[in-house]
Amino acid sequence: DAGITQSPRYKITETGRQVTLMCHQTWSHSYMFWYRQDLGHGLRLIYYSAAADITDKGEVPDGYVVSRSKTENFPLTLESATRSQTSVYFCASGDWDTQYFGPGTRLTVL
Amino acid sequence: SQQGEEDPQALSIQEGENATMNCSYKTSINNLQWYRQNSGRGLVHLILIRSNEREKHSGRLRVTLDTSKKSSSLLITASRAADTASYFCATVNGGGADGLTFGKGTHLIIQP
């Protein structure tokens, strides 16, 4: 099916572990985005990508790494998870005027 | 950095009534967008209004933009139970890392 998918949908990990959240879109949108959503903060942009092999930082990039070797995939890696990274993570594709969001990944760091 | 600020934070109305949410922002914008988020789901793009537009309609949605007051409103007419969701405004001021910033949202509850 066409659309944008995220995996896993739920993840529990421990402090210090590496975690990778996956995002896949079937629309061939050039832009892809990663946000985190926290109570009291709304959505905040972590990283975005304008095309394959082009990524750039958003508002809260520290502690995260992204890559984009293929247009359709945009994985987000937490290199050494911290409790403050407990959040709901949303991937989106589209452009700055219209973004299509995935269903989210709820990540808990113990 | 937060650009849009929705008001009220929460709103509860009866089915069939109209719901109005407001968004204020701080700096000049290229456009302003409204998104809906149902519980446990991703955001859904509802409507975009450009800085040179004053009003826009889409079905039961009406959006206004007042750039002099740096504010926008979203009106949902004849509300339905399915409209229960959180609504976010997002402003775009040029693209890039500062290009799209979301407010904290208005949680709308439609009572049957």
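Structure first, text after, so check above.
This is a predicted model, so every value here is computed, not measured.

Peer 1: Can you break down the pairing of strand β9 (residues 85-92) of chain B residue by residue, with the values?
Peer 2: A regular strand places its side chains so that they alternate between the two faces of the sheet. Residues and elements named next belong to chain B. With respect to burial, β9 is a largely interior element, eight of its eight residues being buried. Neither face of β9 is open: one carries A85, Y87, C89 and T91, the other S86, F88, A90 and V92, and all of them are buried. Where strand β4 (residues 31-37) lies against β9, seven bridges are found, and the strand directions are antiparallel. Of the residues in β9, the one forming a bridge with Q33 is A90. With three bridges connecting them, β9 and strand β11 (residues 106-111) associate as antiparallel partners. Bridge pairing in β11 places S86 opposite H107. When β9 meets strand β10 (residues 100-102), the two strands line up antiparallel, connected through three bridges. Within the sheet, the bridge partner assigned to V92 lies in β10 and is L100.

Peer 1: Requested: an account of the interface of chain B and chain A, with residues and values cited.
Peer 2: Opposite the 23 residues of chain B that make contact, chain A presents 20 residues. Of the roughly 1600 Å² buried where chain B meets chain A, counting both sides, 52% is carbon and sulfur surface. Looking at the side of chain B that touches chain A, the elements that each hand over two or more residues are β4, β5 (43-50), β9 and β10 of chain B. Taken together, the residues of the side of chain B that touches chain A break down into eight nonpolar, twelve polar and three charged.

Peer 1: Tell me about the sheet that holds strand β6 (residues 55-58) of chain B, and name the residues and values.
Peer 2: Within a sheet, adjacent strands bond to each other through the backbone by hydrogen bonds, running parallel or antiparallel. Residue and element names in this part refer to chain B. Reading across from one edge, β1-β3-β8-β7-β6 is the order of the five strands in this open sheet, with antiparallel pairing throughout. Each end of this open sheet is capped by a strand with a single partner; those strands are β1 (5-7) and β6. Across the sheet, the axes of successive neighbouring strands diverge by a mean angle of 20°, strand direction being ignored. Summarising the sheet, β1 and strand β3 (residues 19-24) pair through three bridges and their orientation is antiparallel. Within the sheet, the bridge partner assigned to E5 lies in β3 and is S24.

About the thresholds
Residues numbered from 1 in each chain as written. Chains lettered and ligands numbered in written order. Predicted model: local features only at pLDDT ≥ 70, side-chain atom pairs only at ≥ 80, totals over all residues. Heavy atoms only, no water. Buried < 20%, exposed > 50% of the residue type's maximum accessible area, 1.4 Å probe, protein only. Helix = DSSP H or I, 4+ residues; strand = E, 2+ residues; numbered from the N terminus. Pairing = 2+ DSSP bridges. Contact = heavy atoms within 4.5 Å. Buried area = accessible area lost by both parts, 1.4 Å probe. Nonpolar A, V, L, I, M, F, W, Y, C, P; charged D, E, K, R; others polar. Axes fitted to C-alpha atoms, helices over the stretch in contact; angles between N-to-C directions.

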